[in-house]
Amino acid sequence: MIRNLYIDLIKGIACIGVIFIHTSFWSGVSYVPDFFRSVSLLIDVPIFFLLSGLTTSINIKKNFIRLGKLQLSYMFFVTLIYFIHAIYTQKIDVYKLLLWWVHDYSDSFPLPVVMGSMWYLKIYFFVAITAQLVLKFIAEKYYLPLLIILFTLINFLTWIYRYESGDIDYVVFYLFIFMLGYYFKNKNFKITYLYFTIALVSSYFIIFYILGIDIYLDNIDKFPPNIIYLLYSLFSLTAILYLKDKIVIHKSNFLIYIGKNAIYYYFAQGISASIIFLFVYLLRNILDWAILLPMMFIINLILAIIFAEGIKKLDKLFFKLF
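A few points on the structure. Please read these numbers as outputs of a predicted model, since none were measured by experiment.

1. Quick notes on the overall build of the protein chain
Along its length, the protein chain carries 14 helices and 0 strands. Since a compact globule built from 322 residues should have a radius of gyration of about 20 Å, the 20 Å found for the protein chain is in line with a globular shape. For the protein chain, the C-alpha atoms occupy an extent of roughly 55 × 50 × 45 Å along the three principal directions. For the protein chain, the residues scored as buried account for 49% of the 322 residues in total. Relative to all contacts within the protein chain whose residues are 6 or more apart in sequence, the contacts with residues 24 or more apart total 78%. A distance of 14 Å separates the average location of the 26 positive side-chain charges in the protein chain from that of its 17 negative side-chain charges.

Structure (structure tokens):
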């Protein structure tokens, strides 16, 4: 099967987007203006779920093997982080490592962004498994009604009932995006769909304005994800769907390379985004944010590339040995 380089390209761009977001929101919270941090959320995690939907197949065995390998890579990586954490805290707490293995996250100082980023993987496992069951046992003619039901549930969970704990908000939200990707996997995203999306988002924003509802995008709209976060995400999601049949890529490039190795870059950015806290602490009172942010982003990106290559080599070695 020929690999779709367009998917890898978008995945690479999304990885860069996550690195920029974590530059802005973790160490950047002390100096980056709120409005600019909000803009960074336009290219975010929903893209990964859409791409997963676009590339998934209805093969429970194959997908469970793939998820199993991903889980092993995750366990190997967080074990390495655990040793750094144990040396830093001078405390051995095997129970914490076991909790990390089962995706019960807690602090990972001196690399706080590592475990602070891992929420994505737990939700991805939930969504990927749920989606496989849905695709296996629900007929294709029911996919569109399912999307409408999930979209309605997102509205319900936003305005009527918010879960104080648990992951139901996340699973419903990202399952909708995953299924949206799968629905258009073999369909052409027509211009009429694009117009419909623009009309839908505009209608929501007009209603919000009339009702006096704040539509300013903030991190609170992402944790847990709500309808406002979805509406902003639709800008990038619909653009990706509209262009998927119009752009054909024949040659690889560095963004595509990042996309092919996305999981290693996702792991690595947690390390690099933690390290730049030191640089921000030293420079935030000296440089203007408009100079400091690009500088920190470049450093974060360079460090992420270095660490990603190291993690990739160690992960390959781990699978060869075991």
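2. Some thoughts on the layout of surface pockets
In this structure, the largest pocket spans a volume of roughly 1600 Å³. Take the lining of the largest pocket: its biggest share by element is 7 residues, from helix H4 (residues 60-89). For the lining of the largest pocket, the per-class residue count stands at 17 nonpolar, 9 polar and 12 charged. Lining the second largest pocket are 16 residues, and of these Leu144, Phe176, Leu180, Phe196 and Leu200 lie nearest its centre. Where the lining of the second largest pocket is concerned, the elements lending two or more residues are helix H8 (143-159), helix H9 (168-183), helix H10 (191-211) and helix H11 (227-243). Its residues placed into classes, the lining of the second largest pocket shows 14 nonpolar, 2 polar and no charged.

3. Some details on helix H1 (residues 5-25)
The periodicity of an α-helix, 3.6 residues per turn, causes residues three or four positions apart to be oriented the same way. Between the first and last C-alpha of H1 there are 30 Å, a value that for 21 residues agrees with the 30 Å anticipated at 1.5 Å per step. Within H1, 18 of the 21 residues are buried, leaving the element largely enclosed by the surrounding structure. Capping of H1 at its N-terminal end is provided by Asn4; its side-chain oxygen lies 3.0 Å from the backbone amide nitrogen of Tyr6.

4. Here's the deal with the pattern of salt bridges
Across all of its chains, the model carries 6 salt bridges by this definition. Measuring nitrogen to oxygen at the nearest pair gives 3.5 Å for the salt bridge that ties Lys122 to Asp167. In this pair, Lys122 sits in helix H7 (residues 119-137) while Asp167 sits in the loop between H8 and H9, placing the two residues 45 residues apart along the sequence. Of the charged contacts in the structure, one is a salt bridge between Lys187 and Glu140, with a shortest N-O distance of 3.8 Å.

5. Focus on the nonpolar core
Judged by nonpolar contacts, the single largest core of 94 residues is most densely connected at Tyr174 and Met179. Val32, Ile276, Val280 and Leu292 belong to the second-largest nonpolar core, a separate cluster that totals 8 residues.

6. Re the packing of aromatic side chains
This structure, assessed with the given rule, holds 35 aromatic pairs. Ring centres 6.4 Å apart and planes at 90° place the aromatic pair Phe35 and Trp289 in the edge-to-face group. Of this pair, Phe35 sits in helix H2 (residues 34-40) while Trp289 sits in helix H14 (residues 289-321), and the two are 254 residues apart along the sequence. Of the residues examined, Trp289 reaches a relative accessible area of 25% and is grouped as partly exposed. Centroid distance Phe49 to Tyr120: 5.4 Å. Interplanar angle 75°. Geometry classified as edge-to-face. Highlighted residues: Phe49 in helix H3 (residues 46-55) and Tyr120 in helix H7, separated in sequence by 71 residues. This pair shows no difference in class: Phe49 is buried, exactly as Tyr120 is. It is Lys187 that lies over the ring of Tyr183; its NZ or CZ is 4.3 Å from the centre. Here the guanidinium or amino end of Lys246 rests over the ring plane of Tyr242, the centre of that ring lying 4.1 Å away.

7. Topic: the side chain of Lys312
For Lys312, the location among the structural elements is in helix H14. Buried within the structure, Lys312 lacks any salt-bridge partner; Glu309 is the closest side chain of opposite charge, at an N-O distance of 5.1 Å. Leave out the neighbours within four places in its chain, and Lys312 touches Tyr257, Asn261 and Tyr264.

8. Side note on the environment of Tyr170
Within the secondary structure, Tyr170 sits in helix H9. Each C-alpha atom, one on Tyr170 and one on Trp119, is 9.9 Å from the other, the two residues being 51 residues apart in sequence. In contact with Tyr170, other than residues within four places in its own chain, are Trp119, Ile123, Lys222, Phe223, Pro224 and Pro225.

9. A closer look at the side chain of Ser40
Among the structural elements, Ser40 can be located in helix H2. Given the relative accessible area of 6%, Ser40 is considered buried. Beyond its immediate stretch of four places on either side in the chain, Ser40 contacts Phe20, Ile21, Ser24 and Phe25.

10. A short note on H4
The terminal C-alpha atoms of H4, which comprises 30 residues, lie 41 Å apart, in line with the 44 Å expected from a rise of 1.5 Å per residue. Positioned one or two residues after H4, Gln90 has a phi angle of 55°, which is positive.

Calculation criteria
- Residues numbered from 1 in each chain as written.
- Predicted model: local features only at pLDDT ≥ 70, side-chain atom pairs only at ≥ 80, totals over all residues.
- Heavy atoms only, no water.
- Helix = DSSP H or I, 4+ residues; strand = E, 2+ residues; numbered from the N terminus.
- Rg over C-alpha atoms; globule rule 2.2 N^0.38 Å.
- Buried < 20%, exposed > 50% of the residue type's maximum accessible area, 1.4 Å probe, protein only.
- Contact = heavy atoms within 4.5 Å.
- Lys, Arg positive; Asp, Glu negative; His and termini not counted.
- Charge placed at Lys NZ, Arg CZ, Asp CG, Glu CD.
- 1 Å grid on protein atoms, 1.4 Å probe; cavity = no way out; pocket = protein on both sides within 12 Å on 5 of 7 lines; lining within 4 Å.
- Points joined across faces, edges and corners; volume = space filled by probe spheres on them.
- Nonpolar A, V, L, I, M, F, W, Y, C, P; charged D, E, K, R; others polar.
- Expected span 1.5 Å × (residues − 1).
- Polar contact = N/O pair within 3.5 Å; in protein donor to acceptor, adjacent residues only side chain to side chain.
- Salt bridge = Lys/Arg side-chain N within 4 Å of Asp/Glu carboxyl O.
- Core = buried A, V, L, I, M, F, W, Y, C linked by side-chain atoms within 4.5 Å.
- Phe/Tyr/Trp six-rings, centres within 6.5 Å; stacked < 30°, edge-to-face > 60°.
- Lys NZ or Arg CZ within 6 Å of the ring centre and 35° of its normal.

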